[in-house]
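Survey of secondary and tertiary structure
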Amino acid sequence: MRSAFDLTFDELVALRPPNDARYLYRKLFNFSDWAEGRPVVGKESTVFLSEHFDFALPEITEVRRSEDGSSKLLLRLADGNVIEAVHMPRAVKNPRVTLCLSSQVGCAMGCTFCHTATMGLVRNLTASEIVGQVLAILRALGPIDSGRVTLVFMGMGEPLHNVEAVLRAVAIMSEEAGLRISPQRITVSTSGLVPGIERMASAPVRPCLAISVNATTDEARARTMPVAKKYSLQDLTTAVKRLTLRPHEKVTFEYVLLRGENDTVEDAERLAEIVRPFRHNLNVIPYNVYEGALFAAPEEDALQLFVKRLQDRGCLVTVRRSRGRDVAAACGQLVQEATVRAPRRGLRNLSA
Ligand code: SAH
Ligand code: SF4
């Protein structure tokens, strides 16, 4: 049976009279009002929904709360596969919450610094599994008001390798009658799949874009990111330039700093050249080490120096430190810890 969370508003309108559809759609996504895991609606609507739709959500099997307020979650999908997500409230009362989401079980891209890569790609998530991931987390940990939520596809998987499902999920989650999470508060992070960026450019509901740069020449990039053998930095920046940005929209660039691999003065200079043409945020992420990692984290001094060099060259830089180190692992690390056994700590999700 089809998932109720795979529906756009227009698709429901095709099945029900408009007023009824609006009422039903609101109920469907008003998760704080559900009883026994499903929306409470009138008798006739209950029959209609039950005949057509399934309400199952991914099941949260583990929550690890961190001292810094963030929580790492494991979610089990209907077929038993496990994904992970991170819930990151800001450190204020009634905070905005950022959810770091998975788009695939595992990942095919093979980046040599990434723990998820060691799983390979198991499968894509469906749009309803992506929406279900968000609903399951908000139901468990809040906030009830989905207007206070920011979403980043920076968990397991390469979202643009599953671009149709991701875009569909974004369209569903941004529906006015439903969750109302604006696409301007949803960011898709990519290792650089140019066709996926081109596809995003033509999407009627387009999320924001983050590019994982991670190295500053094609040669160096190809050493750690196999995708760079297919699409050069030039291809990548050209595709990003073709996006028509909304007023105030910025492109996020991510740079995982790996000790002795991508942290030279020249790297800082070239990185500044890459990002400066864009209205940007540059996130420098000190490498998060895990058991068996091939790289080391930068020393604090080296990190600060690298950031300063970028700032001196006109970049808007934020250092993104891993949150929740004390509860171990995020994107890509937690799942394998659960399935393999590795009492190892570490995390590489991005702070809110
Ligand atoms: N596949 C997408 C999104 C998921 S990875 C992408 O690569 O962009 C999200 C971010 O985490 C990427 O910028 C990636 O470079 C970074 N990352 C991967 N492994 C990491 C690690 N061990 N420490 C710090 N950041 C890491
Ligand atoms: Fe996949 Fe992103 Fe990890 Fe690369 S960094 S292997 S693209 S999840």
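Residues numbered from 1 in each chain as written. Chains lettered and ligands numbered in written order. Predicted model: local features only at pLDDT ≥ 70, side-chain atom pairs only at ≥ 80, totals over all residues. Heavy atoms only, no water.

1. Notes on the overall build of the protein chain
Helix and strand counts for the protein chain come out as 11 helices and 14 strands. Relative to the globule expectation of 20 Å for 352 residues, the C-alpha radius of gyration of the protein chain, 20 Å, shows essentially globular dimensions. When the backbone C-alpha atoms are referred to their principal axes, the protein chain occupies close to 65 × 45 × 40 Å. For the protein chain, the share of sequence-separated contacts (at least 6 apart) that also reach a separation of at least 24 residues comes to 67%. (Helix = DSSP H or I, 4+ residues; strand = E, 2+ residues; numbered from the N terminus. Rg over C-alpha atoms; globule rule 2.2 N^0.38 Å. Contact = heavy atoms within 4.5 Å.)

2. Focus on helix α5 (residues 163-173)
The buried fraction of α5 amounts to eight of the 11 residues, a majority that puts the element mostly inside the structure. Val163, Ala165, Val166, Leu167, Ala169, Val170, Ile172 and Met173 are the residues of α5 that are buried. The secondary structure elements touched by the buried residues of α5 are α2 (18-29), α4 (127-141), β9 (149-153), β10 (186-190) and α6 (194-201). (Buried < 20%, exposed > 50% of the residue type's maximum accessible area, 1.4 Å probe, protein only.)

3. A few points about the site of ligand 2
Residues in contact with ligand 2, as listed here, are Cys107, Met109, Gly110, Cys111, Phe113, Cys114, Ala117, Gly157, Glu158 and Ser191. Of the residues contributing to the shell around ligand 2, the split by class is six nonpolar, three polar and one charged. (Near = heavy atom within 4 Å. Nonpolar A, V, L, I, M, F, W, Y, C, P; charged D, E, K, R; others polar.)

4. As for the domain arrangement of the protein chain
As assigned here, the protein chain comprises domain 1 (1-56) and domain 2 (57-349). Domain 1 and domain 2 are separated by 31 Å when their C-alpha centres are compared. Facing the 19 residues of domain 1 at the interface are 16 residues of domain 2. Counting the surface lost from both domain 1 and domain 2, the interface buries some 1500 Å², and carbon and sulfur atoms represent 66% of this. For the domain 1 face of the interface with domain 2, the top three residues by lost area are Phe5, Phe29 and Phe31, together amounting to 41%. Our enumeration of links across domain 1 and domain 2 arrives at two salt bridges. (Domains from an automatic or database assignment. Buried area = accessible area lost by both parts, 1.4 Å probe. Salt bridge = Lys/Arg side-chain N within 4 Å of Asp/Glu carboxyl O.)

5. Here we look at the nonpolar core
Judged by nonpolar contacts, the single largest core of 97 residues is most densely connected at Leu282 and Leu310. Considering each element in turn, this core owes the most residues, eight residues, to α4. When residues of this core are sorted by domain, at least three fall in each of domain 1 (1-56) and domain 2 (57-349). Apart from the residues within four sequence positions on either side, leucine 282 is in contact with Phe253, Tyr255, Leu271, Val275, Leu310, Cys315, Leu316, Val317 and Thr318. Judged by nonpolar contacts, the second largest core, of six residues, contains Met88, Cys100, Val152 and Met154. (Core = buried A, V, L, I, M, F, W, Y, C linked by side-chain atoms within 4.5 Å.)

6. A few points about the packing of aromatic side chains
A full pass over the atoms with the stated rule returns 10 aromatic pairs. Plain terms: the ring middles of phenylalanine 5 and phenylalanine 55 are 6.4 Å apart, the flat faces sit at 70 degrees to each other, and that makes the pair edge-to-face. Of this pair, phenylalanine 5 sits in the loop between β1 (2-3) and α1 (9-13) while phenylalanine 55 sits in the loop between β2 (53-54) and β3 (59-65), and the two are 50 residues apart along the sequence. For the pair phenylalanine 5 and phenylalanine 55, one class covers both residues: buried. Cation over ring: arginine 16 sits above phenylalanine 48, and NZ or CZ is 4.2 Å from the ring centre. (Phe/Tyr/Trp six-rings, centres within 6.5 Å; stacked < 30°, edge-to-face > 60°. Lys NZ or Arg CZ within 6 Å of the ring centre and 35° of its normal.)

7. Observations regarding the sheet that holds β9
One open sheet accounts for 10 strands, arranged β3-β4-β5-β6-β9-β10-β11-β12-β13-β14; its pairing is mixed. Two strands in the sheet have a free side with no partner beyond their single neighbour: β3 and β14 (317-319). For this sheet, the mean inter-axis angle between neighbouring strands, taken without regard to orientation, is 20 degrees. When β9 meets β10, the two strands line up parallel, connected through three bridges. Residue pairing across strands places valine 152 opposite threonine 187, the latter belonging to β10. The sheet contacts of α5 involve β9 and β10, and relative to β9 the element is tilted by about 175 degrees. Lying on the sheet, α6 is in contact with β10 and β11 (208-212); it crosses β11 at an angle near 170 degrees. (Pairing = 2+ DSSP bridges. Axes fitted to C-alpha atoms, helices over the stretch in contact; angles between N-to-C directions.)

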